[in-house]
Amino acid sequence: GTGISRLENQLAKVEYEIKPKKLQALHEQVIFEYPFLADIFESVLITDNRLPDCPIVFCNDLFEQMTCYPKEEIIGKNCRFLQGPHTDQEVVRNIRKAVDEGLELEVELLNYRKDGVPFYNVFLMLPVHAPGKKSGEVHYFIAIQKDITVLRQPGSNPQAWTCAEVGMWLYHSGLGSFLSPFLSHEINGEKLFALTESELTFIAPSSTLPEQRVLLTKITNLGLNPARAFSIDVSKIQNFNYNHPQNNEENLRIGEEVDTSKSRPWWRRVKKKRDSKTPRENTIPSSPTTKSARKDSATSVESSSGQTTPKNNVSELEKLSALHDICSGNLITMKTFYRKKIFVIQVPNTITYELLMDQLMELYQFPVKCKYKDLDEDWLLLEDDDSVEAAILCSAGGTVSLKVSKKFKPLSKEKQLYLNPLPVAMAVVDAEGAIVYMNRCAELLVDQEPHEYMRRKLKKCITHDIDLQVTGVHQDIVLLTGEKLKAYITPEQVEFNRVILLSK
């Protein structure tokens with residue numbers, strides 16, 4: 001019925017993933033053991049305790065949104081990939097102990113997203129036993145996770161922040177470009193306030209002068225008003241009633257110390273409704289939008305029954321928008337698909353078409369065009385600011401799925417006019433090795449005309465020998481015609497394209 005189809009919508013259909021019927025049976029067992037999980041709306045993982053290394057066999061869309069890890073990439077793996085250089089190893093050992101002994105565990109720990117952003121995660125792990133039983137052999141573990149960075153906040157004294165907490169502040173302050181260099185140089189709170197312009201240039205050499213000045217200004221403001229480190233409505237934080245553990249003993253709960261009878265106040269929940277025909281059944285609002293958004297309206301532990309919301313029911317859209325996580329601020333999640341490459345990214349909900357295309361070009365290293373799914377399940381071209389806004393609206397606060405394809409972008413006529421007469425044989429290839437240009441000297445050297453090579457892979461129409469990853473040195477290559485040449489790939493890229501110089 002509806003419950004099965006909703007659960008199936010969250011499956012990635014990849015190897016090692018739990019099968020739909022088993023997932024439905026597991027869902028029923030979870031509700032049997034832990035009724036308070038029936039209507040939560042948070043990140044969920046399920047691992048199989050009977051397989052070596054307890055691999056993930058299911059994760060919901062909200063886990064993708066929280067961690068930026070595509071489920072296609074993590075199914076079949078142990079969830080230790082969320083750990084990072086500053087994750088408390090004592091906590092990790094206790095998680096291992098709980099798994100080995102089949103125990104409940106609840107703890108706050110430091111984790112890292114795929115893009116390197118650190119976050120504080122409240123992690124609740126519960127053992128799931130054989131069907132109809134609440135003890136004995138543990139078949140699965142279900143883990144509910146919540147990014148509580150904004151609720152918890154690193155602390156009122158920025159001078160005492162760890163380098164991971166500085167990273168959290170950078171990300172939530174819109175200074176994410178400094179995140180990686182600051183983490184690699186281990187810039188903690190003390191070092192943050194001692195930064196000079198020259199040190200900043202050394203730490204983040206690719207940053208621009210305006211970016212550096214914005215950062216230094218924000219550091220000054222942070223020192224003057226540390227209570228405003230995270231620009232968020234304090235009353236909204238208080239509504240979640242999250243109390244940060246003050247010490248390790250208070251933080252870690254294991255076995256019988258874990259309360260398995262009630263929900264947590266910092267979790268989002270889907271409100272229960274009653275239908276006159278089915279007074280005893282829970283109904284969960286289902287987004288009248290894309291398949292991706294409908295997926296996000298249900299977790300692996302939702303009620304097994306539900307009603308489909310009419311497309312014109314605006315109030316249901318508003319309810320789903322209210323479930324948007326306060327911890328992610330004004331960001332939305334996009335999942336992009338291109339062949340076997342899948343990226344999960346977070347972008348401002350006000351992003352323009354031009355900025356989105358720039359960000360995707362950075363990810364894929366070539367110009368792209370995208371399609372999104374509308375309310376009628378049709379794939380439409382993303383082509384301007386209005387269509388970006390439409391794609392976001394169609395997701396109703398869930399993940400925006402985009403089909404990406406490569407957009408062929410030849411060299412401009414001006415560049416061609418400049419390069420054609422040069423007495424040096426020159427080819428230009430994109431990030432995938434497809435030829436976008438050869439000047440006349442190169443065409444004569446390889447004996448090919450534009451219609452024979454344009455848009456084709458260099459390795460398929462010119463030579464099998466060249467290694468496009470090796471730059472700055474001469475390579476000996478053999479053309480498909482048998483002629484021997486030398487190739488030199490310049491280290492510098494031009495609009496993500498590589499320039500190859502050919503000679504005899």
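Residues numbered from 1 in each chain as written. Predicted model: local features only at pLDDT ≥ 70, side-chain atom pairs only at ≥ 80, totals over all residues. Heavy atoms only, no water.

**Comments concerning the overall build of the chain**
Right, on to step 1. Along the backbone of the chain there are 21 helices and 16 strands.
Right, on to step 2. Within the chain, contacts between residues at least 6 apart in sequence are counted, and of these 57% link residues at least 24 apart. (Helix = DSSP H or I, 4+ residues; strand = E, 2+ residues; numbered from the N terminus. Contact = heavy atoms within 4.5 Å.)

**Some thoughts on the pattern of salt bridges**
Right, on to step 1. Throughout the structure, instances matching the rule amount to 23 salt bridges.
Right, on to step 2. With its nearest N and O atoms 3.9 Å apart, the salt bridge here joins Glu-165 to Arg-152. Remark: Arg-152 occurs in helix α6 (residues 149-152) and Glu-165 occurs in helix α7 (residues 163-172); sequence separation between them is 13 residues.
Right, on to step 3. According to the relative accessible area criterion, Glu-165 is buried, its value standing at 7%. (Salt bridge = Lys/Arg side-chain N within 4 Å of Asp/Glu carboxyl O. Buried < 20%, exposed > 50% of the residue type's maximum accessible area, 1.4 Å probe, protein only.)

**Quick notes on empty space enclosed by the protein**
One water molecule sets the probe size; rolling that probe over the atoms shows where empty space is left.
Right, on to step 1. This model, assessed by the stated rule, comprises 2 cavities of 30 Å³ or more.
Right, on to step 2. Reported here for the second largest cavity is a volume of approximately 90 Å³.
Right, on to step 3. Around the second largest cavity sit Phe-366, Pro-367, Lys-406, Lys-407, Phe-408, Lys-409, Pro-410, Leu-411, Asp-430, Val-436, Glu-495 and Asn-497, which together line it.
Right, on to step 4. When the residues that make up the lining of the second largest cavity are grouped by side-chain class, the tally is 6 nonpolar, 1 polar and 5 charged. (1 Å grid on protein atoms, 1.4 Å probe; cavity = no way out; pocket = protein on both sides within 12 Å on 5 of 7 lines; lining within 4 Å. Points joined across faces, edges and corners; volume = space filled by probe spheres on them. Nonpolar A, V, L, I, M, F, W, Y, C, P; charged D, E, K, R; others polar.)

**A word on the confidence of the model for the chain**
Right, on to step 1. For the chain, mean pLDDT is 86; residues scoring 70 or higher make up 86% of the total.
Right, on to step 2. Considering only residues more than four positions removed or in separate chains, one finds that residues 274-314, a stretch of pLDDT under 50, has 123 contacts.
Right, on to step 3. Across residues 316-321, where pLDDT falls below 50, the model places 12 contacts with residues more than four positions away in sequence or in other chains. (pLDDT = per-residue confidence, 0-100.)

**Quick notes on the pairing of strand β7 (residues 331-338)**
Within a regular strand, side chains alternate between the sheet's two faces.
Right, on to step 1. Of all 8 residues making up β7, 6 are buried, and the element is well covered by its neighbours.
Right, on to step 2. Here β7 runs beside strand β11 (residues 400-406); their pairing, made up of 4 bridges, is parallel. The partner of Lys-335 across the bridge, within β11, is Ser-401. (Pairing = 2+ DSSP bridges.)

**Considering unusual backbone geometry**
Right, on to step 1. Positive phi is not limited to glycine here, since Gln-365 has a value of about 70 degrees.
Right, on to step 2. Along the chain, the position of Gln-365 falls in the loop between α16 (353-364) and β9 (368-373).

**Concerning the packing of aromatic side chains**
Right, on to step 1. Scanning the model with the defined rule gives 10 aromatic pairs in all.
Right, on to step 2. Note that Lys-134 overlies the ring of Phe-32, its terminal NZ or CZ placed 4.9 Å from the centroid.
Right, on to step 3. Positioned above the aromatic ring of Phe-366 is the side chain of Lys-406, whose terminal nitrogen or guanidinium carbon lies 5.6 Å from the ring centre. (Phe/Tyr/Trp six-rings, centres within 6.5 Å; stacked < 30°, edge-to-face > 60°. Lys NZ or Arg CZ within 6 Å of the ring centre and 35° of its normal.)

**Points about the sheet that holds β9**
Right, on to step 1. The mixed open sheet is built from 5 strands, whose spatial order is β8-β7-β11-β9-β10. Each end of this open sheet is capped by a strand with a single partner; those strands are β8 (341-348) and β10 (379-382). Each neighbouring strand pair of the sheet contributes to a mean axis angle of 35 degrees, computed without reference to strand direction.
Right, on to step 2. Judged from the 5 bridges that link them, β9 and β11 form a sheet pairing that is antiparallel. Bridging from a neighbouring strand, Lys-371 pairs with Lys-403 of β11.
Right, on to step 3. Helix-sheet contacts for helix α17 (residues 385-395) involve β7, β9, β10 and β11, and the interaxial angle to β9 is about 40 degrees. (Axes fitted to C-alpha atoms, helices over the stretch in contact; angles between N-to-C directions.)

**Describing the sheet that holds strand β4 (residues 118-129)**
Right, on to step 1. The strand order β2-β1-β5-β4-β3-β6 describes an open sheet built from 6 strands, whose pairing is antiparallel. Whereas interior strands pair on both sides, the edge strands pair on one side only; in this sheet they are β2 (56-59) and β6 (253-254).
Right, on to step 2. By the bridge criterion, 2 bridges tie strand β3 (residues 105-112) to β6 in an arrangement that is antiparallel. Of the residues in β6, the one forming a bridge with Leu-105 is Ile-254.
Right, on to step 3. Contacts from helix α5 (residues 89-101) reach β3, β4, β5 (138-147) and β6 within the one sheet, and its direction differs from that of β3 by about 135 degrees.

**So, the nonpolar core**
Right, on to step 1. One finds Leu-37, Ile-46, Trp-169, Phe-182, Leu-192 and Leu-215 to be the most contacted residues of the largest nonpolar core, which totals 54 residues.
Right, on to step 2. Judged by nonpolar contacts, the second largest core, of 23 residues, contains Leu-45, Phe-63, Phe-123 and Ala-143. (Core = buried A, V, L, I, M, F, W, Y, C linked by side-chain atoms within 4.5 Å.)

**Section: α17**
Right, on to step 1. For α17, the full list of buried residues reads Ser-387, Val-388, Ala-391, Ile-392, Cys-394 and Ser-395. Down the axis, α17 shows its buried residues gathered within 160 degrees of arc, on one side only. Exposed residues pointing more than 90 degrees away from the buried face of α17 are listed as Asp-386 and Leu-393.
Right, on to step 2. The distance from a side-chain oxygen at the start of α17 to the backbone nitrogen of Asp-386 is 3.2 Å, and the residue carrying that oxygen is Asp-384. (Arc of directions from axis to C-beta. Polar contact = N/O pair within 3.5 Å; in protein donor to acceptor, adjacent residues only side chain to side chain.)

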